[in-house]
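Overview (structure and organization)
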Amino acid sequence: MNYQPIDPIRYEPGFERADLAPRTGGLPGATGRSLALLRGRMTVLDLDGPLAQGLFALPRLSYRVLMRLSAPASLALKVIGVEGVQLPEGEGVATQDFLLGDRPALGSAAVHAPAHILGETFYSAVPFLYGDYMAKWQVAPISPALLVLKDQPVDDPRRAVAEYFATHGAEWDLRAQLCTDLAAMPIEDARVAWPEDRSPFATVARIVVPPQFAWNQAPDELESQLAFSPWHGLAAHRPLGAANRALRPAVREPVE
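Nothing here was measured: the structure is a model prediction, and the numbers come from that model.

**Quick word on the packing of aromatic side chains**
Counted under the stated rule, the structure contains 8 aromatic pairs. Here F128 and W137 contribute two aromatic rings whose centre-to-centre distance is 6.4 Å and whose plane-to-plane angle is 45 degrees, an arrangement assigned as tilted. The same class applies to F128 as to W137, namely buried. Members of the aromatic cluster, each reached through a chain of ring pairs, are F56, F98, F128, Y130 and W137. Here the basic side chain of K78 rests over the ring of F228, its NZ or CZ set 4.9 Å away from the ring centre.

**Some points on the pairing of strand β9 (residues 202-209)**
For β9, a buried count of 6 out of 8 residues is recorded, marking the element as mostly surrounded by other parts of the structure. Taken together, the 4 bridges between strand β1 (residues 33-44) and β9 define a ladder with antiparallel strand orientation. Bridge pairing in β9 links T43 to R206. Note: strand β8 (residues 170-178) against β9, 7 bridges, orientation antiparallel. Paired with L174 across the two strands is A205, which belongs to β9.

**Looking at the pairing of β1**
Note that β1 and strand β2 (residues 60-71) share 10 bridges and pair antiparallel. Bridge pairing in β2 links R41 to R64.

**Observations regarding the side chain of E16**
Among the secondary structure elements, E16 is positioned in the segment before β1. Here G241 takes part through its backbone nitrogen, which lies 3.1 Å from a polar atom of the side chain of E16. Filtering out sequence-adjacent residues up to four positions away, E16 remains in contact with Y11, I187, E188, R238, P239, L240, G241 and R245.

**A look at the environment of E16**
With relative accessibility at 17%, the residue E16 sits in the buried group. With 170 residues separating them in the primary sequence, E16 and P186 have C-alpha atoms 9.6 Å apart.

Thresholds applied
Residues numbered from 1 in each chain as written. Predicted model: local features only at pLDDT ≥ 70, side-chain atom pairs only at ≥ 80, totals over all residues. Heavy atoms only, no water. Phe/Tyr/Trp six-rings, centres within 6.5 Å; stacked < 30°, edge-to-face > 60°. Buried < 20%, exposed > 50% of the residue type's maximum accessible area, 1.4 Å probe, protein only. Lys NZ or Arg CZ within 6 Å of the ring centre and 35° of its normal. Helix = DSSP H or I, 4+ residues; strand = E, 2+ residues; numbered from the N terminus. Pairing = 2+ DSSP bridges. Polar contact = N/O pair within 3.5 Å; in protein donor to acceptor, adjacent residues only side chain to side chain. Contact = heavy atoms within 4.5 Å.

Put into structure tokens, the structure is as follows:
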């Protein structure tokens with residue numbers, strides 16, 4: 001994706017106000033029936049300007065990633081071994097988690113026939129810090145073999161994913177949409193999709209997943225204890241807005 005230079009707004013604490021937050025539906029993420037747990041790598045691109053922030057400040061050869069696909073269409077991504085100041089809610093675990101659904105804004109679920117989850121584009125719907133700025137996330141398929149699965153009906157979503165990864169690998173772009181207009185791109189109202197004509201999504205990293213067993217009936221210890229949270233991550237990408245605050249865990253006080 002070609003990135004057009006924009007002028008993003010720098011974050012200020014006053015942008016987050018509980019009195020501006022409407023009641024919304026739940027945060028998208030891998031909360032339904034698990035379809036697959038995938039292992040892969042994420043490479044940060046060579047970025048500059050406002051995009052070179054936090055996890056994306058410097059290019060790195062690769063991070064290990066875990067991706068959990070769930071029904072209804074949702075994706076949880078865990079980047080492992082990130083460096084930098086962590087949020088206290090993460091209790092020192094060096095990861096950056098992303099929780100995404102198939103809609104760019106929160107609201108009532110769309111009713112449609114089941115389609116192949118590997119053809120979906122995923123959105124955070126809720127905003128996060130992006131270093132000095134604010135952004136929403138998108139994970140979009142770029143492999144030709146994934147793109148042809150868009151809107152393809154499936155009878156058994158779990159089997160469809162397993163059959164694909166038995167013989168194919170896959171690639172996705174991780175993209176960021178920086179906030180450029182607080183009126184059109186509100187921080188507290190997650191029911192509003194940020195307009196892409198005001199700020200297009202820009203690719204900041206590439207995710208590559210090789211062929212593998214996508215589902216194991218007897219998951220290993222890591223998989224069985226795996227937890228994804230928007231509050232597991234860097235302070236530079238702290239969750240913003242009411243929908244994220246509703247999922248904020250209590251921070252344990254240190255023992256004297």
